[in-house]
Amino acid sequence: MNIWLVGATNVGKSTLFNRLIGQFRAIVTDIPGTTRDIIEHETLIDDIGKVTFLDSPGLMDFKEEEVLIKQIIDYSDLILFVIDDSVGITAKEQHIYSYIIEKHKMKNTILIVNKIDVKHKEKEYDLAVNEYYSLGFDHILGISAKKQKNLTEVKDLITKIINTSSLKEKTKEILVTSEKKIQDNRIHMAIIGKPNAGKSTLLNTFMKKIVAKVESIPGTTRDYIVGEFIVDKKKYVVYDTAGIRKKWSIHGIEKIANDKTLEMLKYIRPIILFLVDGVEGLSHRDMTLIQEINNQALPMILCVNKVDLLDAKHQKLLVAKTKAMMDFAKYIQVFPISAKTKKGVKEIFGVLSAIKKEAEKRIDTGKLNDIIGKEFISRPPRFPKNKICKIMYITQIDINAPTFIAFVNHKERANFAFKRWLENSIRKHFGFMGTPLVIRFKERQDSRLPKDDEEK
């Protein structure tokens, strides 16, 4: 069940959106055009079940915005048409109103008269909305999203319309589904990269429609956008993120968007599609971002984008150079693609399911210890004289960031080279393609293992 919020720029759609879902999901400021992308969020409403609220962008260029608004109205189940009472009906509202009529969506539209507190006292709210009934809407509400006035009435009216219309049959299945705890078998992936690397273009390619604006101006996407689609009967959820910048080079709206993106990555833990501008090549900033993602132990695929702008020879050289620069993380697959022409995009789906399985893999403790013991004998790590670090016992304690704890005789001797040897040994026998490994060391006395004299 998709419930869309539409309206002109700066009428308060994002504030209402945040109130309805009970979260700070859409960025809210007094700057017109703050929301520049479609934002969606699933939530539960009593007596209905799972619904998806979607906040439409308020763009300064209405010609560009109108294309998205028409698409929104076409695909919506219920529309919340938001207007600013302090401004009234403008040319933009007239365009939206005309299209709602054209698509016969009047009965499934609630006219939300927002900011009604600016010109009227609370007791005058009902009288204030009377002038809008001439538009022909059956459902009109005067609210103040900012001051949380009449928001309960909005949800009550949504419930009433759905339960007394043809939408009721659609919600029966949704209600049953939402009451069952179903395992999420969808593959979640997030498109990450520097601003203007082509992330929004790739999202639109995945979704086979325009859900994100594409401009050559860095920073066009200010908030992460979520989309769902199906390829070969497999369900995918994709997150298009704001271009992540250096912390000291962002402020205001961009900083809020950046922080929200990082929190989403920690919570969802998607497979990262790291997008690199193939014309520029892998930059120092790209390497820094990759390392930051590595620190969160998120699975990753490296996509070198815009290869349609290069000839075959330069494409080969670019891929070879990129793989050489990624020598520190050979488990990350490199794919040359063109989000614009779709070249190489299909190949990505060939490894996404495999990487999801790798990230969720759990290794039997007995088998793991047997393999590491044999590796220690046949291919022992190097240590300074009399500084050997011996693994007494190793076990995997977590998945989705496969985490291992190795109990050793001297933790301080477990240096970087030894950690790399252990990781390579695990990967040699168990794979973990595209997935970082978290390896921690503990001294023997920190474990419950018996001491040497007790072992004899």
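Predicted, not measured: the structure shown is a model, and the values here were computed from it.

Some details on the nonpolar core
The biggest cluster of nonpolar side chains holds 27 residues, and the ones touching the most others in it are Ile272, Phe274, Leu302 and Met326. Within the residue set of this core, elements represented by two or more residues are strand E7 (187-193), strand E9 (234-240), helix H8 (252-268), strand E10 (271-277), helix H9 (284-295), strand E11 (300-305) and helix H10 (312-325). The element best represented in this core is H9, accounting for 4 residues. Beyond its immediate stretch of four places on either side in the chain, Leu302 contacts Phe274, Val276, Ile290, Thr322, Met326, Ile332, Gln333, Val334 and Phe335.

Some thoughts on helix H13 (residues 416-430)
With 15 residues, H13 should reach 21 Å at 1.5 Å per residue; the first-to-last C-alpha distance of 21 Å fits that figure. For H13, the secondary structure elements touched by its buried residues are helix H11 (345-359), helix H12 (365-378), strand E13 (391-398), strand E14 (403-408) and strand E15 (438-443). Between the side-chain oxygen of the N-cap and the backbone nitrogen of Ala417 there are 3.3 Å, and the N-cap of H13 in question is Asn415. Remark: Gly431 follows H13 within two positions and exhibits a positive phi of approximately 85°.

Concerning the environment of Leu273
Tracing the backbone shows Leu273 in strand E10. Residue Leu273 is classed as buried on the basis of its relative accessible area, which comes to 0%. Leave out the neighbours within four places in its chain, and Leu273 touches Met189, Ala190, Ile191, Ile192, Leu202, Phe206, Ile301, Cys303, Ile348 and Leu352.

Considering the confidence of the model for the protein chain
Residues at a pLDDT of 70 or more form 78% of the protein chain, whose mean pLDDT is 80. Averaged pLDDT values over the elements of the protein chain bottom out at 38 in helix H14 (residues 452-455) and peak at 96 in E11. Low pLDDT (under 50) marks residues 172-182, which in the prediction has 9 contacts with non-local residues, meaning those over four places away or in another chain. The low-confidence segment residues 446-456, where pLDDT is below 50, has 8 contacts with residues more than four positions distant or belonging to other chains.

Basis of the calculations
One numbering rule holds for all chains: residues counted from 1, following each sequence as written. Under the rules for a predicted model, residues below a pLDDT of 70 receive no local features and side-chain atom pairs below 80 are neither given nor counted, while totals for whole chains, interfaces and linings still include all residues. Computation of side-chain values covers all heavy atoms of the structure but excludes hydrogens and water. We define the nonpolar core as a collection of buried residues of types Ala, Val, Leu, Ile, Met, Phe, Trp, Tyr and Cys that are connected through side-chain atoms lying within 4.5 Å of one another. For each residue, the accessible area found with a 1.4 Å probe, counting protein chains only, is set against the maximum for its type, and the residue is called buried under 20%, exposed over 50%, and partly exposed in between. Under the DSSP-based scheme used, a helix requires at least four consecutive residues in state H or I and a strand at least two consecutive residues in state E, with every element numbered from the N terminus. Contact between two residues is taken to exist if any of their heavy atoms lie within 4.5 Å; hydrogens are not considered. Here a helix's expected span is defined as the number of its residues, less one, multiplied by 1.5 Å. Polar contacts, as used here, are pairs of N or O atoms within 3.5 Å; protein pairs need one atom able to donate a hydrogen and one able to accept it. Residues neighboring in sequence count only if both atoms are side-chain atoms. pLDDT is a per-residue confidence score from the predictor, ranging from 0 to 100.

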